[in-house]
Amino acid sequence: MLTCIIRYQIDPTKRADFETYARNWGQAIPRNGADLIGYFAPHEGSSTLAYGIYNIPSLAAYETYRADLAKDSLGQENYEFAQRRKFILREDRTFLKLASAPHGEAT
């Protein structure tokens, strides 16, 4: 299992736009094959950093997911919304593999 962490730099004056974008992905991402953990908007501290986090079984599954998401009507609308409103200044994706499992008390 891989975890994709998307780090966004957003325009702090357009946080409401990012939150709309996040809610839309909250619908589109799960129905296209990824296990969405969530989208996170700034609250305290930095006003420009936001994150999207989801799990995907493999990089091959990621490619299928991205192709399906590109065909999804809400996915297309959301992408166009972000392009039109220009609230995302930078977007970086990192794929991580859980290294601390199993979790629990040491024996």
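Refer to the structure printed above.
Quick notes on the rules
Residues numbered from 1 in each chain as written. Predicted model: local features only at pLDDT ≥ 70, side-chain atom pairs only at ≥ 80, totals over all residues. Heavy atoms only, no water. Pairing = 2+ DSSP bridges. Helix = DSSP H or I, 4+ residues; strand = E, 2+ residues; numbered from the N terminus. Axes fitted to C-alpha atoms, helices over the stretch in contact; angles between N-to-C directions. Contact = heavy atoms within 4.5 Å. Buried < 20%, exposed > 50% of the residue type's maximum accessible area, 1.4 Å probe, protein only.

**Some thoughts on the sheet that holds strand β4 (residues 88–96)**
With antiparallel pairing, the 4 strands of this open sheet are ordered in space as β2-β3-β1-β4. Edge positions in the sheet fall to β2 (35–40) and β4, since each has one partner strand and no second. Here the strands of the sheet are splayed against their neighbours by 15° on average, with no regard to which way each runs. Bridging between strand β1 (residues 2–10) and β4 involves 8 bridges; their strand directions are antiparallel. What sits directly across from I10, in β4, is I88. Set on the sheet, helix α2 (residues 59–71) makes contact with β1, β3 (49–56) and β4; between it and β3 the angle comes to about 115°.

**With respect to the side chain of D17**
Here D17 lies in helix α1 (residues 15–31). Taking relative accessible area as the criterion, D17 reaches 12% and is therefore assigned buried. When neighbours within four sequence positions are excluded, D17 is seen to be in contact with F81, R85 and F87.

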